[in-house]
Every structure is written in C-alpha cells, then in structure tokens.
Amino acid sequence: MNSGSTVGFVAVKLHSQSSLGEIYMIAVDPDYQRQGIGSTLIEFALDWMKAAGMSVAMVETGGDPGHAPARCTYEKLGFGLLAIARYFKKL
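Attention here is on the structure that accompanies the text. Here the structure is a predicted model, which is why all the values come from computation and not from measurement.

### Considerations on the overall build of the protein
Here is step 1 of the chain: Looking only at helices and strands, one finds 2 helices and 3 strands in the protein.
Here is step 2 of the chain: For the protein, the succession of helices and strands along the chain, N to C, is β-β-α-β-α.
Here is step 3 of the chain: Judged by the C-alpha coordinates and their principal axes, the protein covers about 50 × 35 × 30 Å.
Here is step 4 of the chain: Within the protein, contacts between residues at least 6 apart in sequence are counted, and of these 50% link residues at least 24 apart.
Here is step 5 of the chain: In the structure as shown, the protein presents an accessible area of about 7100 Å², 55% of it carried by carbon and sulfur atoms.
Here is step 6 of the chain: With 8 positive and 8 negative side-chain charges, the protein shows a spacing of 10 Å between the two charge centroids.

In structure tokens form, the structure reads like this:
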C-alpha cells in the first residue's frame, strides 16, 4: 500500500433539529476489510457527531447475508437494532 492511499471513508449527516447524527455512508476497500478500519472510521464519526451536539447516532444497512459483517461491527460498537417493517406497492 502506498502511504497516501485511501482505503476507506465515512460520510455523516447531522440532523440538528432532532439531534440525530447519521452515518450516511461507510466503505472500506475489500483488500483492507477485517482490520479494524471500519470500526475506527465509525468511532471517529461518533466522536465528531457528539462534538457537534448530536445525542443519538444512526446507521442503516441491508439485512442480507452480504451485510452481516457490517451488522456485526455496528452491534460490536454498541448500536441496537430497531425492527422496522417497510411495505412497498408498485403503482
């Protein structure tokens, strides 16, 4: 790896009216996954949200097997699952 290479990123939205910080997007290069980079990015984002006055943090992900590692990371970092049913109807 080149010392200047980007191997991951995190994007955050702040919803000031509800004091909600949202991890809008997070990604780690597949060659560098499972090395703690995602956790470090999330912890950075959480610290940044708290410093910005947010009182709750949220992140969404898929429920499919491919997103299982992400769900495991979020739970390891203290996120709790809010069970929601979303219904759609094609018009």
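### Side note on the nonpolar core
A general feature of soluble globular proteins is that nonpolar side chains tend to end up buried together.
Here is step 1 of the chain: Membership of the largest hydrophobic core is limited to 8 residues, which are Ile 23, Ile 42, Ala 45, Met 49, Met 54, Val 59, Tyr 74 and Phe 79.
Here is step 2 of the chain: Here the element with the most residues in this core is helix 1 (residues 37–51); it accounts for 3 residues.
Here is step 3 of the chain: What Phe 79 contacts, discounting residues up to four positions off in sequence, is Ile 23, Ile 42, Leu 46, Ala 57, Met 58, Val 59 and Tyr 74.

### Details of the side chain of Glu 22
Here is step 1 of the chain: One can find Glu 22 in strand 2 (residues 20–28).
Here is step 2 of the chain: One buried charged residue, Glu 22, forms no salt bridge at all, with the nearest opposite charge on Lys 13 at 5.0 Å.
Here is step 3 of the chain: With residues up to four places along the chain from it excluded, the contact list for Glu 22 reads Ala 11, Val 12, Lys 13, His 15, Met 49 and Met 58.

### Describing the environment of Ile 42
Here is step 1 of the chain: Here Ile 42 is to be found in helix 1.
Here is step 2 of the chain: For the pair Ile 42 and Leu 77, spaced 35 residues apart in sequence, the C-alpha separation works out to 8.4 Å.
Here is step 3 of the chain: Setting aside anything within four residues of it in sequence, one finds Ile 42 in contact with Ile 23, Ile 26, Thr 73, Tyr 74, Leu 77 and Phe 79.

### Things to note about the sheet that holds strand 2
Here is step 1 of the chain: Read across the open sheet, the 3 strands follow the order 1-2-3; overall the sheet is mixed. In the strand order of this sheet, the two ends are held by strand 1 (8–15) and strand 3 (56–59), each with one partner. The average undirected angle you get between the axes of adjacent strands in this sheet is 25°.
Here is step 2 of the chain: Here helix 1 sits on the sheet in contact with strand 1, strand 2 and strand 3, set at roughly 155° to strand 2.

### Digging into the side chain of Ser 39
Here is step 1 of the chain: Among the structural elements, Ser 39 can be located in helix 1.
Here is step 2 of the chain: Those residues in contact with Ser 39 that lie beyond four places of it in its chain are Thr 73, Lys 76 and Leu 77.

### Some points on the pattern of salt bridges
Here is step 1 of the chain: Following the criterion strictly, the structure yields 1 salt bridge and no others.
Here is step 2 of the chain: For the salt bridge of Arg 86 with Glu 60, the shortest nitrogen-to-oxygen distance reads 3.8 Å. With a gap of 26 residues between them, Arg 86 in the segment after helix 2 (68–76) and Glu 60 in the loop between strand 3 and helix 2 connect regions that are remote in the sequence. Just as Arg 86 is exposed, Glu 60 falls in that class too.

The rules behind the values
Residues numbered from 1 in each chain as written. Predicted model: local features only at pLDDT ≥ 70, side-chain atom pairs only at ≥ 80, totals over all residues. Heavy atoms only, no water. Helix = DSSP H or I, 4+ residues; strand = E, 2+ residues; numbered from the N terminus. Contact = heavy atoms within 4.5 Å. Areas by Shrake-Rupley, 256 points an atom, 1.4 Å probe, with all protein chains shown as cover. Lys, Arg positive; Asp, Glu negative; His and termini not counted. Charge placed at Lys NZ, Arg CZ, Asp CG, Glu CD. Core = buried A, V, L, I, M, F, W, Y, C linked by side-chain atoms within 4.5 Å. Buried < 20%, exposed > 50% of the residue type's maximum accessible area, 1.4 Å probe, protein only. Salt bridge = Lys/Arg side-chain N within 4 Å of Asp/Glu carboxyl O. Pairing = 2+ DSSP bridges. Axes fitted to C-alpha atoms, helices over the stretch in contact; angles between N-to-C directions.

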